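Read off the chains here:
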Amino acid sequence: KQLPVWHELPGPENQKDLYGCKRIQLPSRDGTAQIPVSLVYGRSTLEQAESKGNHVPIHLYGYGAYGDSIEDTFSSSRIPLLNRGMIYAIAHVRGGGELGRPWYQDGKLLNKQHTFDDFIDVARFLQEEKEWTNPELLSCEGRSAGGLTIGAALNQAPELFRAAILGVPFVDLIATMLDASIPLTAGEWEEWGNPNEEEYFEYMMEYSPMNNVQPGTTYPSMLLLAGLFDPRVAYWEPAKFSATLRHVALPKKDRPICLKTDMTSGHFSASDRYKHVKAKAFDYAFVLENIGIAG
């Protein structure tokens, strides 16, 4: 059944039979957990994906810190992606709170690598086990601490993704956590560890996105978003990360590393409704352009 374009949907009484959602899960690589993944899709898109050899684009969202849960609630901003044949997926990785306190504790401090392992394994599962997509059609997104998840995943498995959005990403982990003059730093030691202690410093250095950019590696197209007045993730973190990627990564014309700094916003971007919609449209236009389904 052919999906309508977004402007043909009749408001709140939209054609719900065209869409579906479900939860799947996969085993973690250490064998200790089942990682939940929430999916929303056009029914015809999922039918295509489940027909062997017919890959579809997937947009994979991840967070995974502070014990926060990414709830799979309705969002109208997903509809334009679904109507263009994408599946929207949420990886409920360790470090979040979706499966209670133990799920959070198994993805923080000296267990933080579990967060990145889970996100990478979800991306690989969608490609190799489900065979729904491939690296040229898989994009990803995360904000704030989710930007750390995306940054670490791209350093550790850049070959799995074609495009990525990193919103106000916490990517310069070591430098920020060593600066106790920043108001939030001391409190954040409870989440990431205190790098003034050798054990935590060495562990954090193993995954900090800023300190693990892979020279001579082809990265996916990336859009890094910063807010000039962000009190949580300073604008210079995504600026430094983008500059480092441009300097040492293998350059490819069709895989740009883009930095967009909002000169009026803070950590939560635009508060005005219409500006927020415009910003979201910009983000999704970047993804659609880079996976080849713009328009």
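Only a predicted model underlies this, so the values are computations on that prediction, with no experimental measurement involved.

Draft legend 1. Looking closely at a negative patch on the surface. A contiguous patch of negative charge, built from Glu197, Glu198, Glu199, Glu202 and Glu206, is present on the exposed surface. In this fold, glutamate 197 is placed in the loop between α7 (185–192) and α8 (198–207). Residue glutamate 197 is classed as partly exposed on the basis of its relative accessible area, which comes to 42%.

Draft legend 2. View of the packing of aromatic side chains. By the definition in use, this model includes 6 aromatic pairs. Ring plane angle 75° and centroid distance 5.3 Å describe the contact between tyrosine 235 and tryptophan 236, whose orientation is recorded as edge-to-face. Exposure remark for tryptophan 236: the relative accessible area of 44% places this residue in the partly exposed category. These aromatic residues form a ring-pair network of at least three members: Tyr66, Phe170 and Trp192. Lysine 260 extends its terminal NZ or CZ atom over the ring of phenylalanine 282, reaching a point 4.0 Å from the ring centre.

Draft legend 3. Region of interest: the pairing of strand β5 (residues 138–143). The buried fraction of β5 amounts to 5 of the 6 residues, a majority that puts the element mostly inside the structure. One ladder, built from 4 bridges, connects strand β3 (residues 58–62) with β5; its direction is parallel. Bridging across to β5, isoleucine 58 finds its partner in leucine 138. Where the polypeptide runs from β5 across helix α5 (residues 145–156) and back to strand β6 (residues 163–167), its parallel neighbour, the crossover connection is right-handed.

Draft legend 4. Region of the structure containing the sheet that holds β6. Within the open sheet, the 8 strands sit side by side as β1-β2-β4-β3-β5-β6-β7-β8. Their pairing is mixed. Strands with a single pairing partner mark the edges of an open sheet, and in this sheet they are β1 (19–27) and β8 (257–262). Strand-to-strand, the axes of this sheet are offset by a mean angle of 15°, without reference to chain direction. Examined bridge by bridge, β1 and strand β2 (residues 34–42) share 9 bridges and lie antiparallel to one another. Pairing of tyrosine 19 across the sheet is with glycine 42, part of β2. Lying over the sheet, helix α1 (residues 43–50) contacts β1, β2 and β4 (87–91), oriented at roughly 120° with respect to β2. Its contacts with the sheet put helix α9 (residues 236–248) on β6, β7 (221–227) and β8, and the angle it makes with β8 is roughly 160°.

Draft legend 5. Molecular detail of the confidence of the model for the protein chain. Of all residues in the protein chain, 94% have pLDDT values of 70 or greater, and the mean over the chain is 91. Within the model, pLDDT remains below 50 along residues 1–10, and this stretch shows 22 contacts once partners closer than five positions in the same chain are excluded.

Draft legend 6. Inspection of the packing of helix α4 (residues 113–129) against α5 at higher detail. Orientation of α4 relative to α5, taken along the N-to-C sense of each, is 70°, at an axis distance of 9 Å. As summarised for this structure, α4 and α5 are arranged roughly perpendicular, according to the angle between their axes. Between α4 and α5 lies a crossing whose hand is right-handed. Contacts between α4 and α5 pair Gln113, Thr115, Phe116, Asp117, Phe119 and Ile120 from the former with Leu148, Thr149, Ile150, Ala152, Ala153 and Gln156 from the latter. In terms of residue class, the contact of α4 with α5 is made up of 7 nonpolar, 4 polar and 1 charged.

Draft legend 7. How the structure looks around the pattern of salt bridges. One pass over the structure, following the stated rule, counts 15 salt bridges. Across the salt bridge formed by arginine 255 and glutamate 136, the nearest N and O atoms sit 2.9 Å from each other. Linking arginine 255 in the loop between α9 and β8 with glutamate 136 in the loop between α4 and β5, this pair joins segments that are 119 residues apart in sequence. What makes glutamate 136 partly exposed here is its relative accessible area of 43%. A salt bridge links aspartate 254 to arginine 162; its shortest N-O distance comes to 3.7 Å. Here aspartate 254 is found in the loop between α9 and β8, whereas its partner arginine 162 is found in the loop between α5 and β6, with 92 residues between them in sequence. Note on arginine 162: relative accessible area 6%, which makes it buried. Within this structure, Arg29, Asp117, Asp121, Arg124, Glu128 and Glu159 form a network of salt bridges that share partners.

Draft legend 8. Quick look at the pairing of β6. The buried fraction of β6 amounts to 5 of the 5 residues, a majority that puts the element mostly inside the structure. Side chains Ala163, Ile165 and Gly167 of β6 all project onto a buried face; the interleaved residues Ala164 and Leu166 project onto the opposite face, where all are buried too. Relative to β6, β5 is paired through 5 bridges, and the arrangement is parallel. The residue bridging cysteine 140 from the neighbouring strand is alanine 164, located in β6. Relative to β7, β6 runs parallel, the two sharing 5 bridges. Within β7, the position partnered with glycine 167 by the bridge is leucine 225.

What counts and what doesn't
Residues numbered from 1 in each chain as written. Predicted model: local features only at pLDDT ≥ 70, side-chain atom pairs only at ≥ 80, totals over all residues. Heavy atoms only, no water. Patch = residues over 30% accessible without salt bridge, like charges linked within 9 Å, V, L, I, M, F, W, Y side chains within 5 Å. Areas by Shrake-Rupley, 256 points an atom, 1.4 Å probe, with all protein chains shown as cover. Salt bridge = Lys/Arg side-chain N within 4 Å of Asp/Glu carboxyl O. Lys, Arg positive; Asp, Glu negative; His and termini not counted. Charge placed at Lys NZ, Arg CZ, Asp CG, Glu CD. Helix = DSSP H or I, 4+ residues; strand = E, 2+ residues; numbered from the N terminus. Buried < 20%, exposed > 50% of the residue type's maximum accessible area, 1.4 Å probe, protein only. Phe/Tyr/Trp six-rings, centres within 6.5 Å; stacked < 30°, edge-to-face > 60°. Lys NZ or Arg CZ within 6 Å of the ring centre and 35° of its normal. Pairing = 2+ DSSP bridges. Right-handed = clockwise from strand over helix to strand, strands pointing away. Axes fitted to C-alpha atoms, helices over the stretch in contact; angles between N-to-C directions. Contact = heavy atoms within 4.5 Å. pLDDT = per-residue confidence, 0-100. Parallel < 35°, antiparallel > 145°, perpendicular 65-115°, else oblique. Left-handed = near helix turned anticlockwise from the far one by under 90°. Nonpolar A, V, L, I, M, F, W, Y, C, P; charged D, E, K, R; others polar.

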